[in-house]
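Coordinates in review
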Amino acid sequence: QLGRLTDTKQGIKLLQESIKLAEDEGKPYEVVRNAGALAEKHIFQGQFQEAVRWGEWAIKEFTRLSVKDGQLYLLILNGWAYARILTGQLAGLEKILVDNERLLVVAYPNLAQLFRSTLADYLLITSQPLEALKLYESNYELALQRFKGIASLDLTRVFLELGRINDAIEVARLSQNMVQDESSFYQT
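To start, this report covers the structure provided alongside it. Every chain is numbered independently, its residues counted from 1 as its sequence is written. In keeping with the model being predicted, local features are shown solely for residues with a pLDDT of at least 70 and side-chain atom pairs are shown and tallied solely at 80 or more, while totals for entire chains, interfaces and linings include all residues. Neither water nor hydrogens contribute to the side-chain values; these are computed over all heavy atoms in the structure.

1. A look at the overall build of the protein
Helical segments are the DSSP runs of H or I of at least four residues, strand segments are the runs of E of at least two, and each set is numbered from the N terminus. Helices and strands together make up the secondary structure of the protein, namely eleven helices and zero strands. The order of α-helices and β-strands along the protein, N terminus first, is α-α-α-α-α-α-α-α-α-α-α. The C-alpha radius of gyration of the protein comes to 18 Å, within 12% of the 16 Å expected for a compact globule of 188 residues. Overall size of the protein, expressed as C-alpha extent along the three principal axes, is 55 × 35 × 30 Å. Burial classes follow relative accessibility: with a 1.4 Å probe on protein chains only, a residue under 20% of its type's maximum area counts as buried, one over 50% as exposed, and anything between as partly exposed. In the protein, buried positions account for 41% of the 188 residues. Between two residues, a contact is recorded if the distance between any of their heavy atoms is within 4.5 Å. The contacts in the protein between residues at least 6 apart in sequence include a share of 50% that link residues at least 24 apart. Put simply, the radius of gyration uses C-alpha atoms, and a globule should come to 2.2 Å times the residue count raised to 0.38.

2. What about the packing of helix 5 (residues 70–87) against helix 7 (residues 109–125)?
As a packed pair, helix 5 and helix 7 sit with axes 10 Å apart at the nearest point and diverge in direction by 15°. Here helix 5 is positioned roughly parallel relative to helix 7, judged by the angle of their axes. The handedness of the crossing between helix 5 and helix 7 is left-handed. The residues of helix 7 that touch helix 5, namely those facing Gln71, Leu74, Leu75, Leu77, Asn78, Ala81, Tyr82 and Ile85, are Leu111, Leu114, Phe115, Thr118, Asp121, Tyr122 and Ile125. Side-chain classes are defined by residue name, with Ala, Val, Leu, Ile, Met, Phe, Trp, Tyr, Cys and Pro counting as nonpolar, Asp, Glu, Lys and Arg as charged, and the others, Gly among them, as polar. Grouping the amino acids of the contact of helix 5 with helix 7 by side-chain chemistry returns eleven nonpolar, three polar and one charged. Axis angles are defined between N-to-C directions and span 0 to 180 degrees, where every axis is a line fitted to C-alpha atoms and, for a helix, only to the segment in contact. Here the angle decides the label: under 35 degrees means roughly parallel, over 145 means roughly antiparallel, 65 to 115 means roughly perpendicular, and every other value means oblique. By definition, any crossing whose near helix is turned counterclockwise from its far helix by less than a right angle is left-handed, and any crossing with a clockwise turn is right-handed.

3. What about the environment of Tyr73?
If you trace the backbone, Tyr73 turns up in helix 5. Distance from Tyr73 to Ser117, taken between C-alpha atoms, is 17 Å for residues 44 residues apart in sequence. In contact with Tyr73, other than residues within four places in its own chain, are Ile59 and Phe62.

4. A short note on a nonpolar patch on the surface
Every patch collects residues that have over 30% relative accessible area and no salt bridge, joining them within 9 Å if they carry like charges and within 5 Å if they are nonpolar side chains (Val, Leu, Ile, Met, Phe, Trp, Tyr). Exposure was quantified through the Shrake-Rupley algorithm and a 1.4 Å probe, taking into account, for residues, occlusion by the shown protein chains and nothing else. What counts as a salt bridge is simple: a side-chain nitrogen of Lys or Arg found within 4 Å of a carboxyl oxygen of Asp or Glu. On the surface, a cluster of nonpolar side chains totalling about 250 Å² of accessible area is made up of Leu160, Ile165 and Ile169. Relative to the elements of secondary structure, Ile165 occurs in helix 10 (residues 165–179).

5. Looking at helix 7
Here the expected span of a helix is defined as 1.5 Å times the quantity of residues minus one. For helix 7, with 17 residues, the first-to-last C-alpha span of 24 Å sits near the 24 Å given by 1.5 Å per residue. In terms of residue burial, helix 7 counts as a mostly covered element, since 13 of its 17 residues are buried. Trailing helix 7 by a residue or two, Ser127 shows a phi angle of about 60°, which is positive.

6. A word on the side chain of Thr156
The topology assignment puts Thr156 in helix 9 (residues 148–161). Nitrogen and oxygen atoms within 3.5 Å of one another constitute a polar contact, given that in protein one can donate a hydrogen and the other can accept it, and given that sequence-neighbouring residues count only through two side-chain atoms. At a separation of 2.7 Å, a polar atom in the side chain of Thr156 contacts the main-chain carbonyl oxygen of Ser152. In this structure, Thr156 is in contact with Ala168, Val171 and Ala172, ignoring residues within four places of it in sequence.

7. Observations regarding the packing of helix 8 (residues 129–142) against helix 9
Between helix 8 and helix 9, whose axes approach to 9 Å, the crossing angle comes to 160°. Compared by their axis directions, helix 8 and helix 9 come out roughly antiparallel. For the pair helix 8 and helix 9, the crossing hand works out as left-handed. Facing helix 8, whose interface residues are Pro129, Ala132, Leu133, Tyr136, Glu137, Asn139, Tyr140 and Glu141, helix 9 presents Lys148, Ala151, Ser152, Asp154, Leu155, Arg157, Val158, Phe159 and Glu161.

The values reported here are purely geometric and, on their own, carry no functional implication.
The structure is reproduced here in structure tokens:
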């Protein structure tokens, strides 16, 4: 947890060490959980190739070690897909994201929103902004008030892509008003 919560390169070192310790102790769940956290940490550090590498390794270890936690697996899979989008490694991603988002709608609606957002990001960068808009709008409508600001970033971006400047301004203003009483994290 300390590695996950530490924002510096020290966090990456702690997570790498936690993976080694989990392997040494024979704790498969901790191996994949820590590897997924490391992949996510690399995303937030801007080290996207490393995020892809660690995410892929975590996914393979999940299967090899027979870890049984579908929600954790899908969180790691989404992070890996997002890192691949950021590095331009798009082959096969749309199917993975579409298939899993559909499965998650009933079982894990919050995780489905995360997959929907990643899928919309994929659609936006592959010149499918109208399809992305549908998904971003769905997430915006489903978002709790404190998360409207985050959801509005996606909507604003796709509206700008579509040349719908007034819609982008409207969403941004509305969201800013909705989060004005939230913590600075959500306001930002």
